[in-house]
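Single-letter residue listing:
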Amino acid sequence: MAKTYQYCVAENWGKGFIDHVESSRITFKGYPADVWQVPAYNKHGNLWIAKVGGVVKTVAEAQAIVDAEVQAAQAVWDALPDAEKAPALEMNTRPTDITLEE
Amino acid sequence: MAEYKGIHGTKVQDYTTDPDNPITGQVWYNETANTLKVESATTVGAWSTGGALNTARRQVASSSVGSQTAALCFGGDGPPVYALTEAYNGTSWTEVNDLNVARRFIQGAGTQTSALAAGGVPTTAATESWNGTSWTEVGDLNTARGYGSGVGADNTAALVFGGEVPDRAITELWNGSAWTEVANMNTGRQQLAGAGTSTSGIAISGATDTGATIVANAETWNGSAWTEVADLNAGRIDLGGTGTDSTSALGFGGANPGGAAALATNEEWNGSSWSETTNLNTARRQVGGAGTTTAGLAFAGEAATGVTAVTEEWNGAGAPQVRTITTD
């Protein structure tokens, strides 16, 4: 099955990491641990990955990286005292699992 | 075939760097990059990355009026609760003088050189005024609150509305020296966004019931009364807002109640309806906002695994941009 998205790991350095023209041409989606989703088989997506020095990952590899980050955050949350886990107003909730799309 | 000079009366000029202030439609050759370029306008709004805050945090307040290149971010939570203030210059954030009292979910208003921090959590009525350099304590709100929203042109004219108080509809007007209760919102709410000024503003979505039940609609303020207007396509809490008045605003990010993941959703208000537009690149809730619907800013917030320092710059359709002309 042809994939819809491709993934890479690239550190967001701030201004210029994603510029306006790039953002208007393709859809970016940022995930934990500097994992970025861009369209697959897309010239502009490929050019952006090259620009930022992104390290391309398979979906499984990217999923493992995201899972590790989420699980670490969940462990931190689990270790909080009960009193800090439930202030509903702040939505201070346990980080949820993330499933990357093919 | 007509030549460029025949149409425009000028030749395509060579530059070693792109010109500083090109006019729309101007074409030039960048001899350093060996590329032909044109000054054009964007056809769709989109978010690009900006400089990161020095301190990642959520639940910040902001100066909601002003340019994308001059914003102020103050207070918030890591934890701990912060008194930190940072100023953005269009490229990077710089730490400036702290609030006198650390707090989060502050109702903020104003500009980078003239702002107001009203109330916040731990629940307080304290108000501080920013003169571009430092914060000074001024008159308290009549009703202590956090989780509400604030709008205003500067530190002499602001409006605070909503929040986690028994009557979430209470609205207060600041005249530079004191707060006065004015007309209530039609639907009290908390964890909403706001945009505009104290004479032409908008309250965007939020929730009742201590954050449990979404209020999807928006209300506009004309200086004396609130009017209920159209629903957002996706009502939510803890979203950010930008916009100059009651006829143009953005509502971005946020979350659904019940511990759902942070959202990247972005909607634009044109004075009569909300339309979904380009999402944030990084989903987040409890996000700060500044600027306008043509040049906005989103910063801070809580992303999927914790607080974030990431800043994103919004350029709406029609914004000027330099594009490279390619022939293949």
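Calculation criteria
Residues numbered from 1 in each chain as written. Chains lettered and ligands numbered in written order. Predicted model: local features only at pLDDT ≥ 70, side-chain atom pairs only at ≥ 80, totals over all residues. Helix = DSSP H or I, 4+ residues; strand = E, 2+ residues; numbered from the N terminus. Rg over C-alpha atoms; globule rule 2.2 N^0.38 Å. Buried ≥ 20, exposed ≤ 12 C-beta atoms within 10 Å, placed from the backbone. Contact = placed C-beta atoms within 7 Å. Nonpolar A, V, L, I, M, F, W, Y, C, P; charged D, E, K, R; others polar. Pairing = 2+ DSSP bridges. Axes fitted to C-alpha atoms, helices over the stretch in contact; angles between N-to-C directions.

K.L.:
What's the story with the overall build of chain A in this structure? I'm lost.
P.N.:
Each helix and strand counted, chain A has four helices and four strands in total. Secondary structure of chain A in N-to-C order comes out as β-α-β-β-α-β-α-α. Rg of the C-alpha trace for chain A: 16 Å, well past the compact-globule value of 13 Å for 102 residues, more than 25% over. Counting across all 102 residues of chain A, residues that qualify as buried make up 27%. Expressed as a percentage of contacts within chain A between residues at least 6 apart in sequence, the contacts between residues at least 24 apart total 67%.

K.L.:
What is the right way to read the interface of chain A and chain B from this model?
P.N.:
A common way to express how large an interface is: the accessible area buried when the components associate. Of the residues lining the interface, 24 residues belong to chain A; the matching set on chain B comes to 28 residues. Looking at the side of chain A that touches chain B, the elements with two or more residues in it are helix 1 (20-25), strand 2 (29-31) and helix 3 (59-78) of chain A. Among the residues making up the side of chain A that touches chain B, the classes are represented as 13 nonpolar, eight polar and three charged.

K.L.:
Help me understand the environment of Ala 126 of chain B, please; the structure alone is not making it clear to me.
P.N.:
Residues and elements named next belong to chain B. One can find Ala 126 in strand 11 (residues 124-130). When the C-alpha atoms of Ala 126 and Leu 141 are compared, they prove to be 6.6 Å apart, with 15 residues separating the residues in sequence. Excluding anything up to four places from it in sequence, Ala 126 contacts Val 101, Glu 137 and Asp 140.

K.L.:
What exactly am I supposed to notice about the sheet that holds strand 17 (residues 193-196) of chain B here?
P.N.:
For sheets, the rule is that strands pair by backbone hydrogen bonds, running either parallel or antiparallel. Residue and element names in this part refer to chain B. In space, the four strands of this open sheet follow the order 17-18-21-22, with antiparallel pairing throughout. With one partner strand each, in any of the chains shown, strand 17 and strand 22 (226-231) form the two edges of the open sheet. Mean inter-strand twist for the sheet, computed between neighbouring axes without regard to direction, equals 25 degrees. In this structure, strand 18 (residues 201-204) lies alongside strand 21 (residues 217-221), joined through four bridges in antiparallel fashion. When the sheet's bridge partners are listed, Gly 201 is paired in strand 21 with Trp 221.

K.L.:
It is not clear to me how the pairing of strand 28 (residues 295-299) of chain B should be interpreted in this structure. Could you clarify?
P.N.:
Moving residue by residue along a regular strand, the side chains alternate between the two faces of the sheet. Residues and elements named next belong to chain B. With respect to burial, strand 28 is a largely interior element, four of its five residues being buried. Examined bridge by bridge, strand 27 (residues 288-291) and strand 28 share four bridges and lie antiparallel to one another. Residue pairing for strand 28: Ala 290 is matched across the bridge by Leu 297. The turn joining strand 27 and strand 28, which pair antiparallel and follow one another in sequence, is formed by three residues.

K.L.:
How should I be thinking about the sheet that holds strand 12 (residues 135-138) of chain B in this particular structure?
P.N.:
All names here are of chain B. Strand order in the open sheet made by the four strands is 9-10-11-12, with antiparallel pairing throughout. The open sheet has two edge strands, strand 9 (107-110) and strand 12, and neither has a second partner. Across the sheet, the axes of successive neighbouring strands diverge by a mean angle of 25 degrees, strand direction being ignored. Here strand 11 runs beside strand 12; their pairing, made up of four bridges, is antiparallel. Within strand 12, the position partnered with Trp 130 by the bridge is Trp 135.

K.L.:
For this particular structure, what's the right way to read unusual backbone geometry?
P.N.:
Excluding glycine, residues mostly carry a negative phi; peptide bonds, for their part, are mostly trans. Here Gly 78 of chain B and Pro 79 of chain B are connected by a cis peptide whose omega angle stands at 0 degrees. Relative to the elements of secondary structure, Pro 79 of chain B occurs in the loop between strand 6 (71-74) and strand 7 (85-88). Looking along the chain, the bond that leaves Val 121 of chain B and enters Pro 122 of chain B is cis, with omega of 0 degrees. Position of Pro 122 of chain B among the secondary structure elements: in the loop between strand 10 (115-120) and strand 11. A positive phi angle, close to 60 degrees, is found at Asp 34 of chain A, a residue other than glycine.

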